[in-house]
Structure formats: structure tokens, C-alpha cells
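Structural features, examined
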Amino acid sequence: MLPKRPPRDHRVGFIYSPPWRIQGISVGGEQTIIQVPELGVNFDIGLCPRIALAADFTALSHGHMDHVAGLPYWFSQRTFMKMSPGTCFCHPETAKPLQDMMGGWVDVENQATPHRIVPLAPGESHQIKPSISLLALQARHTVPALSFVAVEKRSKLKQEFAGLSQSELRGIRNGGTEITYTVDIPLVAYSGDTEMNPSLVSTEFCESKVVITECTFFEDDHRERAKVGKHLHIHQLKDLLSSWKAETVVLAHMSRRSSLEVIRKILKDTLGDEASRVCLLMDHYENRNRYEEQSRKLETS
Ligand SMILES: [Zn+2]
Ligand SMILES: [Zn+2]
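These lines cover the structure that appears in this document, whether it is placed above or below. (Residues numbered from 1 in each chain as written. Chains lettered and ligands numbered in written order. Predicted model: local features only at pLDDT ≥ 70, side-chain atom pairs only at ≥ 80, totals over all residues. Heavy atoms only, no water.)

A word on the packing of aromatic side chains
Applying the stated rule across the entire model yields six aromatic pairs. The interplanar angle of 75 degrees and the centroid separation of 5.6 Å between the aromatic rings of Phe 14 and Tyr 291 together place this pair among those described as edge-to-face. Taken together, the positions of Phe 14 in strand β1 (residues 13-17) and Tyr 291 in helix α9 (residues 284-300) put the pair 277 residues apart, joining distant regions of the chain. On the numbers, 6.1 Å between centres and 35 degrees between planes, the contact of Phe 205 with Trp 244 is tilted. Here Trp 244 lies in the loop between α7 (234-243) and β13 (248-252) and Phe 205 lies in helix α5 (residues 203-207), a separation of 39 residues in the sequence. Overall, Phe 205 belongs to the buried group, its relative accessible area being 0%. (Phe/Tyr/Trp six-rings, centres within 6.5 Å; stacked < 30°, edge-to-face > 60°. Helix = DSSP H or I, 4+ residues; strand = E, 2+ residues; numbered from the N terminus. Buried < 20%, exposed > 50% of the residue type's maximum accessible area, 1.4 Å probe, protein only.)

So this is what it looks like as C-alpha cells:
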């Protein structure tokens, strides 16, 4: 008899929530990388699948290895592919250890890999697209941790100038009067590993179009595990969903302790109707159905 083939690991999960693609691999404790190509950002990089290379930025939520291990490889492969050096955002307390790690690789490989490590304190942000910045928020985990929200700055016409023609507006502007003001529009939020904390109900999280959140535990007798590891449990998600306006809420970092069948059932039982806007990043079967439904709708419209 032939020996069994090894399991097919590392299949990339994929969810389309227009205009955002959310793709990646995430299993609690093992590995997490979640990419939004339209933002050019990887959220965490516990491993470095090929898709990760295309993003210019990696936003690290915290220093656990299941979120960091792919980072030196990402820097290195981008150089190998003749791409510009990647930029990694991280918590200020994680920045030096990461620099030291990259220094260690210089000794291991006997060559230096170009890289940029940019610390972001909670409340600080960094531009990632001409009108989009990535804002860091305080998360609460067993080590210093951040959540991130991509925020667009959009300029709007001031109310008092509404209804005026283009030439009238130009005249006013040329006269030195500011006719627009800017508003912050939260686009995509990522929780990273965290227990319940105020950032999760901040305006940025509540108003985001897409929320990608960890939800490590589902079963009732896993509540204590969630508490000890400072992770979220599905019963907390129920409350969060009533605050989040997001059209799509993507759950990641699920523990392997619960099977997909069990998780699907608990989701429906716990969240009721709210479950319809919740997707599991690693539920390939449901996500393929969702995608096929989306393409059918597009064909008939
Ligand atoms: Zn983790
Ligand atoms: Zn962690």
C-alpha cells in the first residue's frame, strides 16, 4: 500500500467585500497573515506565502512568532525579486527586538537584507496611499499589541457652498477662501490578537466598512482559555457586532480545538441574523459559495 500524501497545508482564504479583497492564512497559535491588496498591506506575517510579497507594508499587531516568523523572509524575498525594501509597522516596544532579529540574520546569512521597521505608538498613523493612512490603536494582549485601521481622508464641499456652479466655486477659491473640509473615513479595521478593550468600540472600529477580527475561541468551556491567553471569545463578538456597522466582519485566528462544523453552528446559534455579515477567513467552502454567488449576480446585472 502506498503511504498517504501529506495534508495540503497553507491554502489561502479569500473573501471579497467590494472594493476590498481579504486574503490570507490564519490559525490561532500557528500562523496569521491577512492581506488587503487594495491597501498594499499585510496584517501580520506569521508565514510568508507568495501573495505577501506584493504588499509594500506589513503591519505587525504584536511580537508572537505566529504573527512575525515570515517577516525576515518577506524582507529578503522582496529584495530577491528586485522590489523596494518592505516597511514594517510595529509597536514601539517591539521595534528594537525586530531590528536585533534582522541583525541576527546578517550573521546567519553573511549578508544584509534591506528593511524598514517603523514604530507606531497607539494613536499614531503612517501614510500608505496618497489619501489613506494606517492608524495604530492600543490592543490588549499578553505582550504589547496594536490594532490597525486604514483611514481615508476625503475632502468635502462646505455646506454653505453647496449648489454653486464650478466657476463660482473657482472664483471663491481664487479669492483665498477654503471651500472644502476633510473627513476621516475608516475603511478596514484589524484587531490583531486582543482581549476586549476600548479600541474595539472606538469610532474607527465602529465606522469601518470591513472589520477583520480575531475570534480564537467558540465553545463555552473555552471561555477560561480565552481569558488567560487574552483572546476574544464568540460571546464577546455578539456585543461587538451591535457596535460595528461593517458590511463584512471577517473572523480569523480560530483555534484548531474546534472543528469548522462546530464553529459554523455556534456562529449561527450565538449571532442569529447577525451571522449573515460574518465570514470565517478559513472556511474555504462557504467562501467559495459566496464568491460564486457574487459572480452570478455580476453576470445577471
Ligand atoms: Zn496569535
Ligand atoms: Zn498572540
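There is more to say after this.
Quick word on the pattern of salt bridges
Two side chains of opposite charge can pair, provided their charged atoms sit close to one another. Counted by the stated rule, this structure contains 15 salt bridges. A salt bridge links Asp 184 to Lys 153, with the nearest nitrogen and oxygen atoms 2.6 Å apart. Remark: Lys 153 occurs in strand β10 (residues 146-157) and Asp 184 occurs in strand β11 (residues 180-190); sequence separation between them is 31 residues. Taking relative accessible area as the criterion, Asp 184 reaches 49% and is therefore assigned partly exposed. Note that Glu 293 is salt-bridged to Arg 296, the shortest N-O span being 3.1 Å. With Glu 293 and Arg 296 both in helix α9 and three residues apart, the pair spans about one turn of that helix. (Salt bridge = Lys/Arg side-chain N within 4 Å of Asp/Glu carboxyl O.)

A word on the coordination of the zinc ion (ligand 1)
For the zinc ion (ligand 1), the full set of protein donor atoms is Asp 66 (OD), His 67 (NE2), Asp 193 (OD) and His 253 (NE2), and the range of their distances to it is 2.1 to 2.4 Å. Considering all four donor atoms around the zinc ion (ligand 1), the spread of angles at the metal, 88 to 165 degrees, places the coordination shape in the irregular class. Mapped onto the polypeptide sequence, the residues donating to the zinc ion (ligand 1) form the spacing pattern D-H-x125-D-x59-H. Separating the zinc ion (ligand 1) and the zinc ion (ligand 2) is a distance of 3.4 Å, and Asp 193 donates to both of them. With Asp 193 in the loop between β11 and α5 and His 253 in the loop between β13 and α8 (260-271), this residue pair connects regions lying 60 residues apart in the sequence. Overall, the relative accessible area of 4% leaves His 253 in the buried class. (Donors = N, O, S within 2.8 Å, 3.2 Å for Na, K, Ca; no water. Tetrahedral: all angles 85-135°; square planar, octahedral: opposite > 155°, others 65-115°.)

Looking at a nonpolar patch on the surface
Nonpolar side chains collect at one region of the surface, where Phe 80, Met 81 and Met 83 lie side by side and expose about 290 Å² of accessible area between them. Tracing the chain through its elements places Met 81 in the loop between α2 (71-80) and β6 (87-90). For Met 81, a relative accessible area of 33% corresponds to the partly exposed category. (Patch = residues over 30% accessible without salt bridge, like charges linked within 9 Å, V, L, I, M, F, W, Y side chains within 5 Å. Areas by Shrake-Rupley, 256 points an atom, 1.4 Å probe, with all protein chains shown as cover.)

Some remarks on the coordination of the zinc ion (ligand 2)
When four donors bind a metal tetrahedrally, each ideal donor-metal-donor angle is 109.5 degrees, and when six bind octahedrally, the ideal angles are 90 or 180 degrees. In the first shell of the zinc ion (ligand 2), the protein supplies His 62 (NE2), His 64 (ND1), His 141 (NE2) and Asp 193 (OD), at 2.2 to 2.4 Å from the metal. Written as a sequence motif, the donor arrangement for the zinc ion (ligand 2) is H-x1-H-x76-H-x51-D.

Side note on the side chain of Ser 17
Among the structural elements, Ser 17 can be located in strand β1. With relative accessibility at 2%, the residue Ser 17 sits in the buried group. A polar side-chain atom of Ser 17 sits 2.6 Å from a polar atom in the side chain of Thr 248. Setting aside residues up to four positions removed in sequence, Ser 17 forms contacts with Ile 22, Val 210, Thr 248 and Arg 290. (Polar contact = N/O pair within 3.5 Å; in protein donor to acceptor, adjacent residues only side chain to side chain. Contact = heavy atoms within 4.5 Å.)

Read these as geometric descriptors, not functional statements.
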